[in-house]
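Each chain, written out:
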Amino acid sequence: MQNKPNLMEPTQPIETLRPIHIGEKIKCQMLLKHCSATWLASKLYCDRTNIYKIFARPSIDSDLLLRISVALKHNFFAYYRDFYSATAE
């Protein structure tokens, strides 16, 4: 009988489990869609300077990421799903 992997245990050292810089991914999608920081700030009901702070974040709250995904019509959670799938194999 084959042992099933424990999905709660990482298959790699914890230091290597965060190659996704979500702020950079958000900035890239914004630029690809020709959206301004002011536009995204208006969709999120925040100040434009907060958008620049988001760009600098390597991680982000899931509720905020969902709101950004809806505003930009892009599933940012897919980056984590794909990364998880690649490391869980």
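Residues numbered from 1 in each chain as written. Predicted model: local features only at pLDDT ≥ 70, side-chain atom pairs only at ≥ 80, totals over all residues. Heavy atoms only, no water.

Structural notes on the side chain of glutamine 29
Logical step 1: Relative to the helices and strands, glutamine 29 is located in helix H1 (residues 22-32).
Logical step 2: A relative accessible area of 11% means that glutamine 29 is categorised as buried.
Logical step 3: With residues near it in sequence (within four places) discarded, glutamine 29 still touches Leu72, His74, Phe76 and Tyr79. (Helix = DSSP H or I, 4+ residues; strand = E, 2+ residues; numbered from the N terminus. Buried < 20%, exposed > 50% of the residue type's maximum accessible area, 1.4 Å probe, protein only. Contact = heavy atoms within 4.5 Å.)

Describing a nonpolar patch on the surface
Logical step 1: Together, Leu66, Val70 and Phe77 make up an exposed nonpolar region whose accessible area comes to about 270 Å².
Logical step 2: Along the chain, the position of phenylalanine 77 falls in helix H5 (residues 77-88). (Patch = residues over 30% accessible without salt bridge, like charges linked within 9 Å, V, L, I, M, F, W, Y side chains within 5 Å. Areas by Shrake-Rupley, 256 points an atom, 1.4 Å probe, with all protein chains shown as cover. Salt bridge = Lys/Arg side-chain N within 4 Å of Asp/Glu carboxyl O.)

Looking at the packing of aromatic side chains
Logical step 1: Using the criterion set out here, one finds two aromatic pairs in the structure.
Logical step 2: Between the aromatic rings of tyrosine 52 and phenylalanine 55, the centroid separation amounts to 5.8 Å while the plane-to-plane angle is 85 degrees, which identifies the pairing as edge-to-face. Of the two residues, tyrosine 52 and phenylalanine 55 are both situated in helix H3 (residues 48-55); the distance of three residues between them amounts to about one turn of the helix.
Logical step 3: We classify tyrosine 52 as partly exposed; its relative accessible area is 44%.
Logical step 4: With relative accessibility at 11%, the residue phenylalanine 55 sits in the buried group.
Logical step 5: Consider the rings of phenylalanine 76 and tyrosine 79, whose centres lie 6.2 Å apart with planes at 35 degrees: the pair is tilted.
Logical step 6: Assessed through its relative accessible area of 0%, phenylalanine 76 is described here as buried. (Phe/Tyr/Trp six-rings, centres within 6.5 Å; stacked < 30°, edge-to-face > 60°.)

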